[in-house]
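Read off the chains here:
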Amino acid sequence: MTKIGIITHGCAKNLIDSELMFGLLSDKGYEVSLDDSSADIVIINTCSFICDAERESIKSILQQVEYGKNIIVTGCLSQKHRKELKDAIPEIKGTVGTTDFLNLPEIIEKILSGEEYIEAVNQNPDYIYPENIKRQQITMGASSYLKIAEGCNYNCGYCIIPHLRGKYHSRNIENIIKEAKELVDKGVTEIILIAQDSSYYGVDIYHKPSLAKLLEELNKIEDLCWIRIMYTHPAMINDELLETIAKLDKVVKYIDIPLQHSHPDMLKRMNRPVMDYRELVKHIREKIPGAAIRTAFITGYPGETEEEFEHLYNFIKDTKFDRLGVFMYSREKGTPSYTMKPQISAKTKRERQKKLMQLQQEISLERNKKFIGKTMPCIIEGFSDNGHVIARTQYDAPEVDGVVNIKTQEPVVPGDIENIKITAADIYDLTGVIV
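The structure presented is a predicted model; accordingly, all values stated were derived computationally and were not measured.

## Section: the overall build of the protein chain
Thought 1: Along its length, the protein chain carries 13 helices and 19 strands.
Thought 2: Taken over the C-alpha trace, the protein chain has a radius of gyration of 22 Å; the compact-globule value for 435 residues is 22 Å, and the two agree within 12%.
Thought 3: Along the three orthogonal principal directions, the C-alpha set of the protein chain runs to about 65 × 55 × 45 Å.
Thought 4: Each of the 435 residues in the protein chain was classed as buried or not, and the buried ones make up 55%.
Thought 5: When contacts within the protein chain are restricted to residue pairs at least 6 apart in sequence, long-range pairs at least 24 apart make up 74% of them.
Thought 6: For the protein chain, the centre of its 55 positive side-chain charges and the centre of its 64 negative side-chain charges are spaced 4 Å apart.

## Examining the environment of lysine 147
Thought 1: Note on placement: lysine 147 falls in strand S7 (residues 143–147).
Thought 2: For lysine 147, a relative accessible area of 1% puts it in the buried group.
Thought 3: In the structure, lysine 147 is positioned 51 residues away from serine 198 in sequence and 9.1 Å away in space, judged by C-alpha atoms.
Thought 4: Setting aside anything within four residues of it in sequence, one finds lysine 147 in contact with Lys13, Ile16, Asp17, Tyr127, Tyr129, Arg165, Arg171 and Ile194.
Thought 5: Reaching out from lysine 147, the side chain makes a polar contact with the backbone oxygen of lysine 13 at a distance of 3.3 Å.
Thought 6: Engagement of the side chain of lysine 147 in a polar contact is seen with the side chain of glutamate 150, the distance being 2.9 Å.

## Some points on the side chain of lysine 253
Thought 1: Note that lysine 253 resides in the loop between helix H9 (239–247) and strand S12 (254–256).
Thought 2: Polar contacts involving the side chain of lysine 253 include one to the main-chain carbonyl oxygen of isoleucine 245, which spans 2.5 Å.
Thought 3: Not counting chain neighbours up to four residues away, the residues in contact with lysine 253 comprise Ile245, Ala246, Leu248, Ile288, Ala291, Ala292, Gln394 and Tyr395.

## A closer look at the sheet that holds S7
Thought 1: Reading across the sheet, the three strands line up as S7-S10-S11 and stay open at both edges, with parallel pairing between neighbours. The open sheet has two edge strands with one neighbour each: S7 and strand S11 (226–229). With direction set aside, neighbouring strand axes in the sheet form an average angle of 25 degrees.
Thought 2: Sitting on the sheet, helix H1 (residues 12–27) is in contact with S7 and strand S10 (190–194), with an inclination near 85 degrees to S7.

## Quick word on the environment of isoleucine 192
Thought 1: With respect to the helices, strands and loops of the structure, isoleucine 192 is situated in strand S10.
Thought 2: Relative accessible area serves as the criterion here: at 1%, isoleucine 192 is assigned to the buried category.
Thought 3: Taking the C-alpha atoms as reference points, isoleucine 192 and tryptophan 226, 34 residues apart in sequence, are found 8.4 Å from one another.
Thought 4: Not counting the four nearest positions on each side in its chain, isoleucine 192 is found in contact with Ser143, Ser144, Tyr145, Leu146, Arg228, Met230 and Pro398.

## Some details on the pattern of salt bridges
Pairing is possible between side chains of opposite charge, provided their charged atoms come close.
Thought 1: For the structure on display, the rule yields 32 salt bridges.
Thought 2: Here lysine 178 and glutamate 182 are joined by a salt bridge, their closest N and O atoms 2.9 Å apart. Of the two residues, lysine 178 and glutamate 182 are both situated in helix H6 (residues 173–185); the distance of four residues between them amounts to about one turn of the helix.
Thought 3: For the salt bridge of aspartate 322 with arginine 285, the shortest nitrogen-to-oxygen distance reads 3.7 Å. Taken together, the residues aspartate 322 in the loop between helix H12 (306–319) and strand S14 (323–328) and arginine 285 in helix H11 (residues 277–287) connect sequence positions 37 residues apart.
Thought 4: Arginine 285 gets classed as partly exposed once you look at its relative accessible area, which sits at 25%.
Thought 5: A cluster of three or more residues bridged by salt bridges with shared partners is formed by Glu19, Glu131, Arg135, Arg171 and Glu179.

## Structural notes on the nonpolar core
Soluble globular proteins: nonpolar side chains tend toward being buried together.
Thought 1: Ranked by internal contacts, the top residues of the largest apolar core, which has 55 residues, are Ile148, Ile191, Leu193, Leu211, Leu214 and Leu215.
Thought 2: Setting aside residues up to four positions removed in sequence, leucine 215 forms contacts with Leu193, Ile227, Ile229, Leu241, Thr244, Ile245, Leu248 and Val251.
Thought 3: In this structure, Leu20, Met21, Ile108 and Ile406 belong to the second largest nonpolar core, which totals 51 residues.

## Section: helix H8 (residues 211–218)
Thought 1: Buried within H8 we find Leu211, Ala212, Leu214, Leu215 and Leu218. Looking down the long axis of H8, one finds its buried residues gathered within 160 degrees of arc, a one-sided arrangement.
Thought 2: Residues of H8 that are buried in the fold lie against H6, S10, S11 and H9.

## Notes on the state of the cysteines
Here is the idea: a disulfide is a covalent bond, and it sits between the sulfur atoms of two cysteines.
Thought 1: Considering all chains together, one arrives at zero disulfides under this definition.
Thought 2: Of the cysteine sulfurs around cysteine 11, a residue in no disulfide, the closest is that of cysteine 47, at 6.3 Å.
Thought 3: Left without a disulfide partner, cysteine 225 is nearest to the cysteine sulfur of cysteine 378, which lies 13 Å away.
Thought 4: By relative accessible area, cysteine 225 is classed as partly exposed at 31%.

Cut-offs applied
- Residues numbered from 1 in each chain as written.
- Predicted model: local features only at pLDDT ≥ 70, side-chain atom pairs only at ≥ 80, totals over all residues.
- Heavy atoms only, no water.
- Helix = DSSP H or I, 4+ residues; strand = E, 2+ residues; numbered from the N terminus.
- Rg over C-alpha atoms; globule rule 2.2 N^0.38 Å.
- Buried < 20%, exposed > 50% of the residue type's maximum accessible area, 1.4 Å probe, protein only.
- Contact = heavy atoms within 4.5 Å.
- Lys, Arg positive; Asp, Glu negative; His and termini not counted.
- Charge placed at Lys NZ, Arg CZ, Asp CG, Glu CD.
- Polar contact = N/O pair within 3.5 Å; in protein donor to acceptor, adjacent residues only side chain to side chain.
- Pairing = 2+ DSSP bridges.
- Axes fitted to C-alpha atoms, helices over the stretch in contact; angles between N-to-C directions.
- Salt bridge = Lys/Arg side-chain N within 4 Å of Asp/Glu carboxyl O.
- Core = buried A, V, L, I, M, F, W, Y, C linked by side-chain atoms within 4.5 Å.
- Arc of directions from axis to C-beta.
- Disulfide = S-S within 2.5 Å.

Below is the structure:
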């Protein structure tokens, strides 16, 4: 039996694509594994969102070349650089675009029959979720991501995603509910909804924003404890959505809303909504008291002046976000900002990023200390190397936010929700005991 290894880079959306590849190839009779050492063919599902992600993907490809593997490159890197990729690394046996992985069984058969190179990259990608494939999860734990849509209709100045994934396509509610129930039947406690913009969900197929309706249906699933939403867009946050999040008991009070900047001139250059974000955040907190708000900002976007940066600094200082990430602008070919002038030096971008993160660390520590002495429901994730139990509050998403470290001799089960009394806090993480 032909053995296939799959290596995944990039975001949770890419992880789900790899899990769909697992299901597709397993159904065709291949032995599919995360262990590439004994594989006859290795599929490398790549990321190309920023330069650092591309370098990581290329490093992985070159490593497999050293091992003498038959390599198929899928995902964003092959979509973006199909010709350059083959020219640079001629050992590659196949390149498959972001919307073309359904062709993998045929491509594998051609490679096994001796064909030197096969390309399947649609130059006009249009991602439709393959509902007929049974997704085979790579990792199982307390939480699982669930893709509710793919593609993007926005044209943000720094982002290459619309060129790599195509227009926005929502999955229908019935298929999402069916998959969610299957995940819960496997023991998943928390479902995390993802898309390029989750708040745009349903506009294309139901002709109106329908995330609130989807949440209502998901909230009915028995044995599902938490529902988390990632990646919402400020222009799509409305009262119906906020009121639904507030009232549904299984929907965690956590709003992930990447704002990217605060200064109106910068937002205009970024092709982002020019809004009063102070009022937006205030409104969210009024509608969902106690909600944690996560956001992200970019430093060093072309033309960012010192005045515009200070505007952003003061906005963060005054607003006091619960969770915050700062990314240095990455100049990507194919984006509107690639040719913008002036480009900001790497040194300035780093200095500005560091200044914002130092500010946020102060805010985060101040906020975390307020949890000391409180008892909070936390989801059990697993165990650390030193034997501590690792958990998360509803205000923390996996991988990007903090955790709760618990010292206990009591038996706990990943996925269970336990009441934890917080006894200590640092910049990002909490410490607690089971009560």
